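Now for the letters of each chain:
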Amino acid sequence: MQKKIVLGNWIQKSITTRELLFLIMVVLCLTPFISPPIALLLGLIVAQWIGHPYLHLNHKATHLLLQVSVVGLGFGMNMNSALKAGKEGILFTIVSIISILVIGFFMGKALKLDKKTSYLISVGTAICGGSAIAAISPVIKAKENQISIAIGTIFILNSVALFAFPAIGSALDLSQTQFGMWCAIAIHDTSSVVGAASKYGDKALEIATTVKLARALWIIPLAFLSTYVFKNKGGNIKIPYFIGLFVLAMMANTYIPFVQEYSQYLSGIAKAGLTLTLFLIGCGLNRNVLSAVGYKPLLQGIVLWIFIAGGALWAIMSFSA
């Protein structure tokens, strides 16, 4: 115990040592040797025992890196198969979004949670995790602590999903199509969806990414609805334009032979970028973030997550191949 304390004090005092350890892990996450779940685990280790030397830049870095990486994944996907996957997932998407928002509303009332915090947790569970929370929060004029609690809740559950989903999928012998659809519906954040699906297989990755990004477009109508629910008609709506770039990348890979020659390299770089994104997300889950969540928001998040994950798994195993 004494040695751990001494080591912790030494790292804290030597900023250059912390930076060096952090940069070494960043480089490792860009290699094929580190899988998405391991990258997230390394990030959690940094957050709890070493400390993120660039924490003030972490949110912007993960946001930008995620968007660029998702666009890069488009260069490894076929437009026709993506459209088919999107059509198959639309019914699941509509039913699950409406169900989660309704259940989340009543859970917030029952737990006596702050209205905006409860709503952000529901939105993050229903659509696309941190991206949805970031888009909706200015529309409803949420406070910083409300946003932090919602994002902390979602990211904790994302961390669990990244490890649990591939194991569950293998145990239930889910097909690539089934697992990709399940990931897209039941895992909150795009980065964790891609991380879990990429571990399961290329087909699962293609379906999961396409369905998840199609799901993310529901941010737009939900943002307009939120302005009326919370009576904030002057709120700014953040439209996820990077999804349009993802579609263009898919079209280029499908119809332009020159692009196809380099698609394997571009999608490989994108996968490395998403692995790094998960590492940075883990780095941001320090003790302050975890302690700020509280048991009531976490309870709401867990119940909503079990409902959407269980319901989606039952539907996919019953109605799809």
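Q: Summarise the overall build of the protein chain; cite the residues concerned and give the values.
A: Secondary structure assignment for the protein chain yields 16 helices and zero strands. Its C-alpha radius of gyration of 19 Å places the protein chain within 12% of the 20 Å reference for a compact globule of 321 residues. Each principal axis of the C-alpha atoms in the protein chain carries an extent, and together these give about 55 × 55 × 40 Å. Evaluated residue by residue, the protein chain yields a buried proportion of 52% over its 321 residues. A fraction of 83% describes how many contacts in the protein chain between residues 6 or more apart in sequence connect residues 24 or more apart.

Q: Can you tell me about helix H14 (residues 257-284), naming the residues and giving the values?
A: The terminal C-alpha atoms of H14, which comprises 28 residues, lie 41 Å apart, in line with the 40 Å expected from a rise of 1.5 Å per residue. Where H14 bends most, the angle comes to about 50°, and this point is Ser 263.

Q: Now, about the packing of aromatic side chains: what can you tell me, with residues and values included?
A: Aromatic ring pairs are described here by two measures, namely the spacing of the ring centres and the angle between the planes. For the structure shown, the criterion picks out nine aromatic pairs. Note on Phe 22 and Tyr 54: the rings are 5.6 Å apart at their centroids and 65° apart in plane angle, and the pair reads as edge-to-face. Of the two residues, Phe 22 is situated in helix H2 (residues 15-29) and Tyr 54 in the loop between helix H3 (36-50) and helix H4 (58-74); the sequence distance between them amounts to 32 residues. An aromatic cluster of at least three residues, connected via ring pairs, comprises Phe 165, Phe 179, Trp 182, Tyr 200 and Trp 305. One Lys or Arg, Lys 115, reaches over the ring of Phe 230 and ends 5.1 Å from the middle of that ring.

Q: I'd like a description of the packing of helix H9 (residues 176-186) against helix H10 (residues 190-200), backed by residues and values.
A: Contact geometry of H9 with H10 gives a least axis separation of 9 Å together with a crossing angle of 170°. As far as their axial angle goes, H10 and H9 are roughly antiparallel. Two secondary-structure elements touch here, H9 through Gln 176, Phe 179, Cys 183 and Ala 184 and H10 through Val 193, Ala 196, Ala 197 and Tyr 200.

Q: How would you summarise the state of the cysteines if you had to cite specific residues and measurements?
A: Counted according to the given criterion, the structure contains zero disulfides. Left unpaired, Cys 183 is separated from the closest cysteine sulfur, that of Cys 128, by 15 Å. Under the relative-accessibility criterion, Cys 183 is labelled buried at 0%. Left without a disulfide partner, Cys 283 is nearest to the cysteine sulfur of Cys 29, which lies 7.9 Å away.

The rules behind each value
Residues numbered from 1 in each chain as written. Predicted model: local features only at pLDDT ≥ 70, side-chain atom pairs only at ≥ 80, totals over all residues. Heavy atoms only, no water. Helix = DSSP H or I, 4+ residues; strand = E, 2+ residues; numbered from the N terminus. Rg over C-alpha atoms; globule rule 2.2 N^0.38 Å. Buried < 20%, exposed > 50% of the residue type's maximum accessible area, 1.4 Å probe, protein only. Contact = heavy atoms within 4.5 Å. Expected span 1.5 Å × (residues − 1). Bend = angle between axes of the 7 residues up to and from the residue. Phe/Tyr/Trp six-rings, centres within 6.5 Å; stacked < 30°, edge-to-face > 60°. Lys NZ or Arg CZ within 6 Å of the ring centre and 35° of its normal. Axes fitted to C-alpha atoms, helices over the stretch in contact; angles between N-to-C directions. Parallel < 35°, antiparallel > 145°, perpendicular 65-115°, else oblique. Disulfide = S-S within 2.5 Å.

Geometric descriptors of this kind do not, in isolation, establish any biological role.
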